[in-house]
Amino acid sequence: MRDKFEPTKRLVSLCLICLSVLGSHSHAQQSIPGSTLEEFFSAAINFSPELRIAAENLNISTARKNAARGQLLPQVSAGANVSDNRLNQLGQSQTFDGQRYYLGLTQTLFNWRQFATRKQTKFQENQAEEEYYYQLASILTDVADRYFDILQVEDALESIVSEEEALSNQRDQVQSLFDRQMAQITDLYQVQASLAAVQAEQLQLEAELAINQERLSSISGLAVAPLNKLAADAQIPPLPEPQEYYVLKAQESNHLVQAQKYALRAAEEGIAERRGAYMPEISLIAQRQDADVGFDNLPMNRRDNTYIGLNFSIPIYAGGRNRAGVSEAYSLRNIAESQLRVSQLEAREFVRSAYLQIQASDAQTEAAEVLVESTILTAEAMEQGFSLGTVTSVDVLNALRDRFQAERELQRIRYDHIRYLLLLKRETGTLSAEDLAQIDDWLVSPGIE
């Protein structure tokens, strides 16, 4: 493995450790419940058909490289022929046994097409390797994204339940005041409408939770047990480098960009391979033959024939086929160059967007925390003011709505921060086992927040 794959080595090491936990259950994973992020990581690696396809594509490219290299190694063949012969000649009949044995060796000395094919298949193997690593990183980030989708909805449901409880208390107070003719009917209707809206949102979130649980289960093969929660005091470290550092890192280490670079080099070798059709081919031939039969299996004295020679051939005319092949190779090379440019632009876009979102999340988290504290104090003040008759029920409803919306917005920002951090590391090709372990450390068992 090349040194540039060191972060991926650490990523694969975690994957192998995870696989040792659940690998023996690959055919019955659906019945196994999962709760930790690491369990879903390991299960998804073992379960993902996309990752298996990428692995088999890598195996195929390795086999093709070995086959291309094998064409340049000595080719040895042997054969034997044993026959029972009957000869009628000039009225005389003769019966005899015939034997012929041979051993031959052919060694390529110069074949430009085979040389180019060997280089091309090597680049194609590197391309498949980079694509495999990108698929691996994509699977892991997708698992984390779906895991946090569930946590976000669960937190929203908890907030909705608290909001419903607060609105129910407010409704009871307004109902009590209305019964004593101290509140208007419109106040009661307003509270009831707000409570119904929250209950409808709760039903929507419950449906969304079921969908998200199915999405996580479908990518991992595990049933979803109560998941670990994001700790309230989890500290997400800031990015240590400026934006341009990550943009350049993506151009150097992004696995899809690297795969397209290898694809371009393979396409360039494809041009060389097609041009090789115009060049001569030279081979060394060595053969030994023992036989006691000759042409048409006529009997002859046993003879041993050993010879060594050079076979030289040069193409002269192939009906325009070679020229068409070279033209096709140039077009494939141009396509590969354009695909490389597309992958570079996409990586640049993803990295810049993720970086800006992370930077914004830092400021948004601080602002959201302040807003939550402020809305909590405001809601409490409004509830006390309503009890004293200094504010209306509408003021209380608005304060409660603002409080719980601020809580849910803070939760969303925290989860998005982690999502964008994973996206940035994936697109820069730096996602490692340490990163995944760190994120898993931010999660705690339910009830230990």
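Draft legend 1. Expanded view of the overall build of the protein. Within the protein one finds 10 helices and eight strands. Structurally, the protein occupies a C-alpha span of about 140 × 50 × 40 Å along its principal axes. Residues classed as buried in the protein amount to 42% of the 449 residues present. Put simply, of all contacts in the protein between residues at least 6 apart along the chain, 80% involve residues at least 24 apart. Summing over all exposed atoms, the protein offers an accessible surface of approximately 24,600 Å²; the carbon and sulfur share of this is 52%.

Draft legend 2. Highlighting the pairing of strand 2 (residues 75–89). Direction of pairing for strand 2 relative to strand 3 (residues 92–111): antiparallel, over a ladder of 15 bridges. Paired with Gly79 across the strands is Tyr102, a residue of strand 3. Linking strand 2 back to strand 3 in an antiparallel pair, the connection comprises two residues, with Leu90 at a positive phi of about 55 degrees.

Draft legend 3. Highlighting the sheet that holds strand 6 (residues 281–293). Spatially, 2-3-6-7 is the arrangement adopted by the four strands of the open sheet, whose pairing is antiparallel. Whereas interior strands pair on both sides, the edge strands pair on one side only; in this sheet they are strand 2 and strand 7 (299–313). The average angle at which neighbouring strand axes cross in this sheet is 15 degrees, direction not considered.

Draft legend 4. Molecular detail of a positive patch on the surface. There is a patch of like positive charges on the surface, built from Arg118, Lys119, Lys122 and Arg265. If one sorts the elements of the positive patch by residue count, helix 4 (residues 112–179) sits on top with three residues. In this fold, Lys122 is placed in helix 4. Assessed through its relative accessible area of 48%, Lys122 is described here as partly exposed.

Draft legend 5. The side chain of Glu125, seen in detail. With respect to the helices and strands, the residue Glu125 is situated in helix 4. Those residues in contact with Glu125, other than ones at most four positions away along the chain, are Leu58, Ser61, Thr62 and Lys65.

Draft legend 6. Broad picture of the packing of aromatic side chains. Under the defined criterion, the tally for this structure stands at eight aromatic pairs. Aromatic pair Tyr147 and Phe148: ring centres 6.1 Å apart, planes at 85 degrees, arrangement edge-to-face. Overall, the relative accessible area of 0% leaves Phe148 in the buried class. Plain terms: the ring middles of Tyr245 and Tyr246 are 5.2 Å apart, the flat faces sit at 85 degrees to each other, and that makes the pair edge-to-face. A relative accessible area of 9% means that Tyr246 is categorised as buried. Taken together, Phe40, Tyr147, Phe148 and Tyr415 form an aromatic cluster joined through their ring pairs.

Draft legend 7. Region of interest: the confidence of the model for the protein. The predicted model of the protein has a mean per-residue pLDDT of 86, with 92% of residues at 70 or higher. This model gives residues 16–30 a pLDDT under 50, and the stretch forms 26 contacts once residues within four places in sequence are excluded.

Draft legend 8. Representation of a nonpolar patch on the surface within the structure. Judged by side-chain polarity, Phe312, Ile314, Ile316 and Tyr317 come together as a nonpolar surface patch covering roughly 570 Å² of accessible area. Here Ile314 lies in the loop between strand 7 and helix 8 (321–388). A relative accessible area of 49% places Ile314 in the partly exposed class.

Draft legend 9. Looking closely at the pattern of salt bridges. Applying the stated criterion across every chain yields a total of 24 salt bridges. For the salt bridge of Arg403 with Glu407, the shortest nitrogen-to-oxygen distance reads 3.6 Å. Pair noted here: Arg403 and Glu407 are both in helix 9 (residues 393–427), with a separation of four residues, about one helical turn. You can call Arg403 partly exposed: its relative accessible area is 22%.

Draft legend 10. Examining helix 5 (residues 185–220) more closely. When the terminal C-alpha atoms of helix 5 are compared, their 53 Å separation across 36 residues agrees well with the 52 Å that a helix rising 1.5 Å per residue should span. Backbone geometry just after helix 5 places Gly221 at a positive phi near 80 degrees.

Draft legend 11. Main features of the packing of helix 8 against helix 9. Where helix 8 contacts helix 9, the two axes come as close as 7 Å, and the packing angle between them is 160 degrees. For the element pair helix 8 / helix 9, the angle class is roughly antiparallel. Of the two possible hands of crossing, helix 8 and helix 9 adopt the one that is left-handed. Taken together, the residues that form the contact of helix 8 with helix 9 break down as 23 nonpolar, eight polar and eight charged.

Draft legend 12. A look at the nonpolar core. Val143, Tyr147, Phe148, Leu216, Ile418 and Trp442 are the most contacted members of the largest nonpolar core, which totals 75 residues. The element contributing the most residues to this core is helix 4, with 20 residues. In this structure, Val143 is in contact with Leu37, Phe40, Phe41, Ala44, Leu216 and Ile219, ignoring residues within four places of it in sequence. Grouped together as the second largest cluster of nonpolar side chains are five residues, Ala368, Val372, Leu410 and Ile413 included.

Draft legend 13. The environment of Arg323, seen in detail. With respect to the secondary-structure elements, Arg323 resides in helix 8. Taking C-alpha positions, Arg323 is 85 Å from Glu383, a pair spaced 60 residues apart along the chain.

Draft legend 14. Molecular detail of the environment of Ile185. Within the secondary structure layout, Ile185 lies in helix 5. Each C-alpha atom, one on Ile185 and one on Gln175, is 9.0 Å from the other, the two residues being 10 residues apart in sequence.

Draft legend 15. Molecular detail of the pairing of strand 3. Sheet analysis places strand 3 next to strand 6, joined by 11 bridges and oriented antiparallel. By the bridge assignment, Leu103 is partnered in strand 6 with Arg288.

Reading the values: the criteria
Residues numbered from 1 in each chain as written. Predicted model: local features only at pLDDT ≥ 70, side-chain atom pairs only at ≥ 80, totals over all residues. Heavy atoms only, no water. Helix = DSSP H or I, 4+ residues; strand = E, 2+ residues; numbered from the N terminus. Buried < 20%, exposed > 50% of the residue type's maximum accessible area, 1.4 Å probe, protein only. Contact = heavy atoms within 4.5 Å. Areas by Shrake-Rupley, 256 points an atom, 1.4 Å probe, with all protein chains shown as cover. Pairing = 2+ DSSP bridges. Axes fitted to C-alpha atoms, helices over the stretch in contact; angles between N-to-C directions. Patch = residues over 30% accessible without salt bridge, like charges linked within 9 Å, V, L, I, M, F, W, Y side chains within 5 Å. Salt bridge = Lys/Arg side-chain N within 4 Å of Asp/Glu carboxyl O. Lys, Arg positive; Asp, Glu negative; His and termini not counted. Charge placed at Lys NZ, Arg CZ, Asp CG, Glu CD. Phe/Tyr/Trp six-rings, centres within 6.5 Å; stacked < 30°, edge-to-face > 60°. pLDDT = per-residue confidence, 0-100. Expected span 1.5 Å × (residues − 1). Parallel < 35°, antiparallel > 145°, perpendicular 65-115°, else oblique. Left-handed = near helix turned anticlockwise from the far one by under 90°. Nonpolar A, V, L, I, M, F, W, Y, C, P; charged D, E, K, R; others polar. Core = buried A, V, L, I, M, F, W, Y, C linked by side-chain atoms within 4.5 Å.

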